[in-house]
Amino acid sequence: IVALKVLKDSFCQDERFINGFISEARAAAQLRHPNIVQAFAVGHDEGVFYIALEYVEGPTTAHMLLQNYRFSEKEVLKIAIEITHALDHAWSTSNLLHRDIKPDNIMINLEDEAKLTDLGLAIPADAIQPDDEDTIKGSPQYISPEQLLDEEQDFRSDIYSLGATLFQLYTGKELYES
């Protein structure tokens, strides 16, 4: 049993989106860690682009928040440790930044383990280029100041985003509410 992530039809004609989708799959596939959702294969069939991922039975922490679940201090610390281990593995083995740490991208499986998912914006730190577009890559409530300002980033950018996420898990509120 696997989970399939499929590129929307509206993006299947856009080379940039296709390349980003394939890049996500490659980034995820090179990481093997118990707290990172494993990617198994990427491909396309009859114009449909897909990634086959490890199937994780359990909710995202965002879904849990929407269900008014209150995370205990102990649960938040456990998530912090497990996701920090995942980020350390990504950085130490591949200099890979996730760049989109948020409650939507952390799942809790049936064994009560945190799993980092959705490497859609993941990129090696040395491949980050200043963006000539006026778009923010990441979720504004969680991205680090240097990511927002399109400045040099390293593992600390993901740690900032994890901190904003953990704050929300513990308090039920976003770090910066509009």
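Quick notes on the rules
Residues numbered from 1 in each chain as written. Predicted model: local features only at pLDDT ≥ 70, side-chain atom pairs only at ≥ 80, totals over all residues. Heavy atoms only, no water. Pairing = 2+ DSSP bridges. Helix = DSSP H or I, 4+ residues; strand = E, 2+ residues; numbered from the N terminus. Buried < 20%, exposed > 50% of the residue type's maximum accessible area, 1.4 Å probe, protein only. Expected span 1.5 Å × (residues − 1). Contact = heavy atoms within 4.5 Å. Polar contact = N/O pair within 3.5 Å; in protein donor to acceptor, adjacent residues only side chain to side chain. Axes fitted to C-alpha atoms, helices over the stretch in contact; angles between N-to-C directions. Parallel < 35°, antiparallel > 145°, perpendicular 65-115°, else oblique. Left-handed = near helix turned anticlockwise from the far one by under 90°. Nonpolar A, V, L, I, M, F, W, Y, C, P; charged D, E, K, R; others polar.

A. Looking closely at the pairing of strand 2 (residues 39-45). Pairing between strand 2 and strand 3 (residues 48-54): six bridges, direction antiparallel. Along strand 3, the bridge assignment pairs His-44 with Phe-49. From the end of strand 2 to the start of strand 3, which pair antiparallel, there are two residues, and Glu-46 there has a positive phi angle of about 50 degrees.

B. Broad picture of unusual backbone geometry. For Asn-68, which is not glycine, the phi dihedral falls at a positive 65 degrees. The topology assignment puts Asn-68 in the loop between helix 2 (61-66) and helix 3 (73-94). Judged by relative accessible area, Asn-68 falls into the exposed class, the value being 66%. Located in the positive-phi region is Arg-99, a residue other than glycine, with phi close to 70 degrees. Counting through the fold element by element, Arg-99 comes out in the loop between strand 4 (96-97) and strand 5 (106-108). For Arg-99, a relative accessible area of 12% puts it in the buried group.

C. Quick look at helix 5 (residues 155-171). With 17 residues, helix 5 should reach 24 Å at 1.5 Å per residue; the first-to-last C-alpha distance of 24 Å fits that figure. Buried residues of helix 5: Ser-157, Asp-158, Ser-161, Leu-162, Ala-164, Thr-165, Leu-166, Gln-168 and Leu-169, and no others. Looking at the buried side of helix 5, the elements it contacts are helix 2, helix 3, strand 4, strand 5 and helix 4 (145-148).

D. Main features of the environment of Thr-165. Here Thr-165 shows up in helix 5. Between the alpha carbons of Thr-165 and Ile-106 there is a distance of 9.5 Å; along the sequence they are 59 residues apart. For Thr-165, the residues in contact, after removing those within four places along its chain, are Ile-101, Lys-102, Pro-103, Ile-106 and Tyr-142. Among the polar contacts made by the side chain of Thr-165, one reaches the main-chain carbonyl oxygen of Ser-161 at a distance of 2.9 Å.

E. Structural view of helix 3. Between its first and last C-alpha atoms helix 3 spans 31 Å; for 22 residues at 1.5 Å apiece the expected length is 32 Å, and the two agree. Its buried side turned inward, helix 3 meets helix 2, strand 4, strand 5, strand 6 (114-116) and helix 5. A positive phi of about 50 degrees marks Asn-95, the residue just after helix 3.

F. Up close: the sheet that holds strand 3. A sheet is described by the order of its strands in space; here three strands give the open sequence 1-3-2, paired in antiparallel fashion. Since the sheet does not close on itself, it has two edges, and those belong to strand 1 (2-6) and strand 2, each with one partner. Taking each pair of neighbouring strands and ignoring which way they run, the sheet shows an average axis angle of 25 degrees.

G. Up close: the packing of helix 3 against helix 5. With their axes 10 Å apart at the nearest point, helix 3 and helix 5 run at an angle of 165 degrees to one another. Relative to helix 5, helix 3 is oriented roughly antiparallel. Between helix 3 and helix 5 lies a crossing whose hand is right-handed. Across the interface between the two elements, Glu-73, Val-76, Ile-79, Ala-80, Ile-83, Thr-84, Leu-87 and Trp-91 of helix 3 pack against Phe-155, Asp-158, Ile-159, Leu-162, Leu-166, Leu-169 and Tyr-170 of helix 5. Considering only residue class, the contact of helix 3 with helix 5 consists of 12 nonpolar, one polar and two charged.

Remember, this is a structural readout, not a statement about activity or role.
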